[in-house]
Amino acid sequence: MAFSSRPIVIGNWKMNGLAASLDQVEAVRDAIAKGQAGRCETGLCLPATLIAAAAARVEGSRLMIGGQDCHVASHGAHTGDIAAAMLKDAGATLVIVGHSERRADHGETDMLVNQKAQAAALAGLTPVICVGETRAERDAGETLRVIGRQIDESVPRSTDPKTTIVAYEPVWAIGTGLTPTAADVAEVHAFIHRRLDSLLPSGGTTIRILYGGSVKASNAAELLAIDHVDGALVGGASLKAADLLGITSVYR
Ligand code: 13P
């Protein structure tokens, strides 16, 4: 299967990383500069504490820096939260919204995720909108129904296909070493593209859909070659530059 024309691999460091970890950001930056990182766009969604420092280190590089969540409001009395404009101000160009860990840990609903995606776009960030079924939902044959609902309700109608990314992350595949079969990934990604296309006034077939969940160098070639898979959202294997580069370099 042919690769997408504009693939992107995004790392999600989750709640990992101290200032000392910025050497991994620099290593990815340097590999990109030397043409050793593969023919894809690359981004790292870091803990908020590292964004400004990382953005300063990647200035002039094609490596993008992102956040992992944003608030729906532009500012105000929301202790502990971060506005999309603040991420942008710190040097981010991307932000993950609706990750299953936030949906589970913080009770985020599709409606809230939709508002966060709108807030991100308004601030000039590319939202990476996450969807995915649980193990119980897959076992019950509910996968496409659940994904369909999440897409319908989490993706704003105002979405610009060029500056919005969707990530399919089966909850049961995150951090478990388990991945769906290639046929299952192909089915869900094709379904999401069709659904986005009928949902969005501006069409949805050009929105990039990333696969996420236990992607590593050893399975990336198979997963990234699947039709309608336009890249990967990578957790654990994005913490070390060498592991992430083992994934990006699949795009030769
Ligand atoms: P893992 O790659 O560690 O399974 O995490 C996937 C993920 O949740 C990325 O957002």
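Rules and cut-offs
Residues numbered from 1 in each chain as written. Predicted model: local features only at pLDDT ≥ 70, side-chain atom pairs only at ≥ 80, totals over all residues. Heavy atoms only, no water. Salt bridge = Lys/Arg side-chain N within 4 Å of Asp/Glu carboxyl O. Helix = DSSP H or I, 4+ residues; strand = E, 2+ residues; numbered from the N terminus. Buried < 20%, exposed > 50% of the residue type's maximum accessible area, 1.4 Å probe, protein only. 1 Å grid on protein atoms, 1.4 Å probe; cavity = no way out; pocket = protein on both sides within 12 Å on 5 of 7 lines; lining within 4 Å. Points joined across faces, edges and corners; volume = space filled by probe spheres on them. Nonpolar A, V, L, I, M, F, W, Y, C, P; charged D, E, K, R; others polar. Contact = heavy atoms within 4.5 Å. Polar contact = N/O pair within 3.5 Å; in protein donor to acceptor, adjacent residues only side chain to side chain.

**Q** What's the story with the pattern of salt bridges in this structure? I'm lost.
**A** Note that side chains of opposite charge can pair when their charged atoms are close. Within the structure shown, the criterion is met by 17 salt bridges. For arginine 149, the salt bridge goes to aspartate 110, with nearest N and O atoms at 3.0 Å. Of this pair, arginine 149 sits in helix α7 (residues 143-154) while aspartate 110 sits in helix α5 (residues 110-122), and the two are 39 residues apart along the sequence. Judged by relative accessible area, arginine 149 falls into the partly exposed class, the value being 33%. The closest approach of N and O atoms between arginine 138 and glutamate 133, which form a salt bridge, is 2.8 Å. Since its relative accessible area comes to 16%, arginine 138 is described here as buried. Among the ionic contacts, a cluster of salt bridges with common partners joins Asp69, Arg102, Glu108 and Lys116.

**Q** Can you walk me through the layout of surface pockets in this structure?
**A** It is a probe the size of a water molecule, rolled over the atoms, that shows where empty space is left. Looking at the largest pocket, its volume works out to about 580 Å³. Of all the elements in the fold, those that place two or more residues in the lining of the largest pocket are α2 (48-57) and α4 (100-105). A per-element tally of the lining of the largest pocket places α4 first, with three residues. Classifying every residue of the lining of the largest pocket gives eight nonpolar, seven polar and six charged.

**Q** What exactly am I supposed to notice about the side chain of threonine 42 here?
**A** When you line up the elements, threonine 42 lands in strand β2 (residues 41-45). If sequence neighbours within four positions are ignored, threonine 42 has contacts with Ile8, Val9, Val28, Ile32, Arg62, Leu63, Met64, Leu244 and Thr248.

**Q** Help me understand the side chain of histidine 193 in this model?
**A** Here histidine 193 shows up in helix α8 (residues 182-199). Engagement of the side chain of histidine 193 in a polar contact is seen with the backbone oxygen of isoleucine 207, the distance being 2.6 Å. In this structure histidine 193 touches Gly204, Thr205, Ile207, Ile209, His228 and Asp230, once residues within four positions along its chain are discounted.

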